[in-house]
Amino acid sequence: MGAAIFVKASVVTRYCDSRQKHRQSAASWRDSETSFEQQKGHDRFFEMSNLNQSGVKPKDHLYKILVIGDLGTGKTSIIKRYVHQFFSQHYRATIGVDFALKVLNWDANTLIRLQLWDIAGQERYGNMTRVYYKEAVGAFIVFDVTRVNTFESVSNWKADLDSKVQLPDGSPIPCVLLANKCDQQKEGLINSKSKMEEYCKEKGFSSWYETSAKENINIDEAARTLVSQILLNDKLINDSNKDGDQFSLAHTNDVKKKSCNC
Amino acid sequence: MEYDLPSDFDIIVVGTGMVESIVSAAASRIGKRVLHIDSNSYYGGLWASFNLDSISKIPEGNRSQPVVENKENEIVYPVGNDVFDLRIHSQKWHIPESNPEKDVDESDSAVAQEEHEWTQEKLLKISRKFNIDLAPKLHFAKGDFVELLISSNIARYSEFRSVSRILTWLNGSLEIVPCSRSDVFSSNRVSVIEKRMLMKLLTSCVDGDENEFKGYEGKTFQSYLKDRKLTENLIHYVLYAIAMCTDDTLCLEGVEKTKRFLGSLGRFGKTPFLYSMYGSGEITQAFCRLSAVFGGIYALNQSLNGFIYDNDNTFKGIICGKQRINATHLVMSLEKLPKEIVDFSTTEYISRAIFITDKSILEDEREHLTLLLFPPVDRKAACVVLELGSLTGTCPKGLHIVHVFTKQTVNPEDDLKHCVEKLFCKREGESNSSPSILWSFYFSAPNTFSQKLECEKLLNTYVCPGPDLDLDYDPAIERAKEIFERIYSNAEFLPRAPDPEEIIIEGEDNNNIINETEERAEVPADQGDVSSELAHEDDT
């Protein structure tokens, strides 16, 4: 019953080799400060290295997407359905997982990796850390069509989202509203399509979908809509690339040096 | 979004400061059921970062103080004391509130264009671009904190910037401290002979055997440096900047401090130090996020109405709102300790000042992240000055945030005055080459590092100190680890958390695993194995 989780040791999806080569070729340890660890930075580098090898330039994007909403609205189910193609009514709160990774072959030249960040169910009282919001470029807000109070929370979640994360130019990140559990009896505003349209316009949602993680309804469609919105901002997102003095310590690959440092 | 909290936990952590957050993450990581709550509506407590608008509203602490209640078989202690609060000395603007409509006068317009005229209104409008630390920290590139972030894989939650220069105040002006090998050789402030002396000294500090320091056990580091025939300038660089010592620091301590500095050189950037992007307050949240991801439950803005103990003074639970929540252990920040229990004998305080300024203390072509180690003068203790530019994500472009702090002797303003006067324009409106202070905030906070971990009167209760004077988080990590090990004596402290990519979620039918593997196989072939990379992290 339920979902079991275990750690897979051998296959890890990260682009390290190109970066490693870059670093090893560095003339001295001093250059190790320029580590292309940051996702956007390393994507850019990745593009460049491919360009050099083959002359074609496949686009490789990595986007962080937040999945937000009240307890029990089906956030984790939606992620599981979308990423892992299964549904279970009996899953437990997911332990130890920050985000699920979905790889999309968007078109012949574009590979998109989506990091879908669950609110770690536990940060459920609306107290997500900045770490959660940081550098997100899109969001789903989820409510449960069978419980009106989860819809009432939607505007709070949206306001909270907009106050905590913006695009580099200060505009809100694209957000799609998901009316989940649409295979069940609906309550409230959701029964009027035109009112929902109006609501979304007023609150600044890019779009909305009736979804069902259980029946696999509209989840791929909603994701596609959100990704197209994000792609429109792509230039904006990538323009905020960082200089070499800024880096992540994750996967730090130390250049060995034994001599006196001074 | 109102829910009742679950009512039974292994451990309740009260306060989201650094030490509490590390304990919370470590407990959650080994599968303990953790409730992590804070009465504040923000993360970080005395270790938090604020935007410009909210820092003007931080409470000094005005909590209600109900009395101890004795119930049948149980005692309920009230939460919080005022002993460990911040003491706000002053918070002032030094610029006009808004810009009155200017007469469009041809002769004035050139002047107006030249000067970027900041007003309170303008700054408050971009309030959210500020992340102002109550307790700014730097990280030694090879220090305990950086190693812990990497070994626990919490590093994935944060980004850093390297400190790009270290300055000192020498002979009446700011000087760049030559700290790396190439700095030493390219410096035109140091003669060729001095270069050799300095290199030799630093090498013997790092590699020197015991004989090198024989006879200096009771003597000062300064006397050692003098005996090595270093010039006055070199002694200054080594003693006050590299080793961050005073004239009285003992030789062996000075050598240890020199090693700490030199050992972190060369890993990232030009100096041994890193600063957390978007402010030091980010760091506590990285630990909180890990705790949450491993099942920790978070609730901020909670009204804590009491700690429940039985008649043997063993911890039973807390009262949160009207709800009773039980747990085996309680870990809390010092300022949450019941007033009746506080046993605070030390009276050491930290004097702090924060400024928003209009340009760097030492202008250069590029923006710097600057650490200035202001030496002790005329019985004034050494001051640490940290200047942050917009690239750190803590202030808007064109401005700097400057943190100045030292051990308190009188009050923040008097303790820091000699240093502040040398760096900034003396009077408002005066224009010379020094930066002007647009906004200033002086406050002090108790240095609680020497406070005991365990509450003698209350069992299963551990207290976490607030920010200390160390540049890095080393003492905080040490404390958190001690608390964790006392509670869970045989458990591993923050083992590496797997990356999301390393976790497979297995559905009810096994086909999912196959799908999963196939999907991964499609990903281009030039991937490295992160786990092996990390495993070899510490080969040096």
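Residues numbered from 1 in each chain as written. Chains lettered and ligands numbered in written order. Predicted model: local features only at pLDDT ≥ 70, side-chain atom pairs only at ≥ 80, totals over all residues. Heavy atoms only, no water.

As recorded by an unreviewed UniProt entry, chain B carries the name Rab proteins geranylgeranyltransferase component A and is attributed to Photinus pyralis. In the Subcellular location (unreviewed entry) part of its UniProt record, chain B is described as follows: "Cytoplasm". (UniProt positions renumbered as here; feature names shortened; annotations may be inferred.)

Per an unreviewed UniProt entry, chain A carries the name Ras-related protein Rab and comes from Photinus pyralis. Checking UniProt for chain A, the heading Subcellular location (unreviewed entry) contains the comment "Membrane".

A. The confidence of the model for chain B, seen in detail. Residues and elements named next belong to chain B. Residues of chain B with pLDDT of at least 70 account for 86%, and the chain-wide mean is 86. Note that pLDDT drops below 50 for residues 103-107; the model gives that stretch zero contacts with residues more than four away or on any other chain. Confidence over residues 508-540 falls short of pLDDT 50; this stretch has 72 contacts with residues more than four positions distant or in other chains. Among the scores for the predicted complex, ipTM is 0.77 and pTM is 0.84. (pLDDT = per-residue confidence, 0-100. Contact = heavy atoms within 4.5 Å.)

B. A look at the packing of helix α1 (residues 18-29) of chain B against helix α13 (residues 474-487) of chain B. Residue and element names in this part refer to chain B. One can describe the packing of α1 onto α13 by two numbers: an axis separation of 9 Å at closest approach and a directional angle of 45°. By the angle class used here, α1 and α13 are oblique. In this structure, α1 crosses over α13, and the sense of that crossing is right-handed. Residues Met18, Val19, Ile22, Val23, Ala26 and Ala27 of α1 pack against Ala476, Ile477, Arg479, Ala480, Ile483 and Phe484 of α13. A per-class count over the contact of α1 with α13 returns eleven nonpolar, no polar and one charged. (Axes fitted to C-alpha atoms, helices over the stretch in contact; angles between N-to-C directions. Helix = DSSP H or I, 4+ residues; strand = E, 2+ residues; numbered from the N terminus. Parallel < 35°, antiparallel > 145°, perpendicular 65-115°, else oblique. Left-handed = near helix turned anticlockwise from the far one by under 90°. Nonpolar A, V, L, I, M, F, W, Y, C, P; charged D, E, K, R; others polar.)

C. Molecular detail of the packing of aromatic side chains. For the structure on display, the rule yields 24 aromatic pairs over all chains. Pairing phenylalanine 247 of chain A with phenylalanine 268 of chain B gives two aromatic rings, centres 4.7 Å apart and planes at 15°, and the pair type is stacked. With phenylalanine 247 of chain A in strand β8 (residues 246-248) and phenylalanine 268 of chain B in the loop between α10 (251-263) and β12 (273-276), this pair bridges two chains. Phenylalanine 268 of chain B shares its class with phenylalanine 247 of chain A; the two are buried. When the ring of tyrosine 216 of chain B is compared with that of tyrosine 224 of chain B, the centres are 5.2 Å apart and the planes differ by 90°; the resulting orientation is edge-to-face. Taken as a pair, tyrosine 216 of chain B and tyrosine 224 of chain B share a single burial class, namely buried. An aromatic cluster is built from Phe99, Trp117, Tyr132 and Tyr133 of chain A, whose rings are joined through pairwise contacts. Between the NZ or CZ atom of lysine 158 of chain A and the centre of the ring of phenylalanine 205 of chain A, over which it lies, the distance is 5.6 Å. If you follow lysine 219 of chain B out to its NZ or CZ, it ends over the ring of tyrosine 216 of chain B, 5.4 Å from the centre. (Phe/Tyr/Trp six-rings, centres within 6.5 Å; stacked < 30°, edge-to-face > 60°. Buried < 20%, exposed > 50% of the residue type's maximum accessible area, 1.4 Å probe, protein only. Lys NZ or Arg CZ within 6 Å of the ring centre and 35° of its normal.)

D. Broad picture of the sheet that holds strand β8 (residues 139-140) of chain B. Judged by pairing direction, the sheet is antiparallel, and its four strands sit side by side in the order β8(A)-β9(B)-β12(B)-β8(B) without closing on themselves. Two strands close off the open sheet at either side, each with one partner strand: β8 of chain A together with β8 of chain B. Bridge analysis of β8 of chain A against strand β9 (residues 159-162) of chain B gives three bridges, and the strand direction is antiparallel. Bridge assignment links phenylalanine 247 of chain A to a residue of β9 of chain B, and that residue is phenylalanine 160 of chain B. (Pairing = 2+ DSSP bridges.)

E. Quick peek at the sheet that holds strand β4 (residues 110-118) of chain A. Residues and elements named next belong to chain A. Taken in spatial order, the six strands of this open sheet run β3-β4-β2-β5-β6-β7, and their pairing is mixed. Taken across any chain shown, the strands that pair with only one partner, and hence form the sheet edges, are β3 (99-107) and β7 (207-210). The average undirected angle you get between the axes of adjacent strands in this sheet is 25°. Bridging between strand β2 (residues 59-69) and strand β5 (residues 138-144) involves five bridges; their strand directions are parallel. Along β5, the bridge assignment pairs leucine 66 with alanine 139. Lying over the sheet, helix α7 (residues 193-203) contacts β5, β6 (175-180) and β7, oriented at roughly 140° with respect to β7.

F. Here's a closer look at unusual backbone geometry. Residues and elements named next belong to chain B. Of note in the backbone geometry, aspartate 378 takes a positive phi value of approximately 40° without being a glycine. Along the chain, the position of aspartate 378 falls in the loop between β18 (370-374) and β19 (383-388). On the accessibility criterion, aspartate 378 (75% relative accessible area) is exposed. Look at asparagine 460: it is not a glycine, yet its phi comes out positive at around 60°.

G. Inspection of the confidence of the model for chain A at higher detail. All names here are of chain A. Per-residue confidence for chain A gives a mean pLDDT of 75; residues scoring 70 or more make up 68%. When mean pLDDT is compared element by element in chain A, β6 scores highest at 97, while helix α1 (residues 17-24) scores lowest at 36. Note that residues 1-54 has pLDDT below 50 and, in this model, 134 contacts with residues that lie over four places away or in other chains. Note on residues 253-262: pLDDT is under 50 here. Beyond four places in sequence and across chains, it has 33 contacts.

H. How the structure looks around the pattern of salt bridges. A full pass over the atoms with the stated rule returns 28 salt bridges over all chains. With a closest N to O distance of 2.7 Å, arginine 113 of chain A and aspartate 60 of chain A form a salt bridge. Here aspartate 60 of chain A lies in strand β2 and arginine 113 of chain A lies in strand β4, a separation of 53 residues in the sequence. The buried category is assigned to arginine 113 of chain A, whose relative accessible area is 5%. For aspartate 60 of chain A, a relative accessible area of 4% puts it in the buried group. Close ionic contact of aspartate 98 of chain A with arginine 289 of chain B constitutes a salt bridge, the shortest N to O distance being 2.9 Å. Taken together, the residues aspartate 98 of chain A in the loop between α3 (75-84) and β3 and arginine 289 of chain B in helix α11 (residues 281-293) connect one chain to another. Among the charged side chains, a network of salt bridges with common partners joins Asp98 of chain A together with Arg156, Arg289, Arg496 and Asp499 of chain B. (Salt bridge = Lys/Arg side-chain N within 4 Å of Asp/Glu carboxyl O.)

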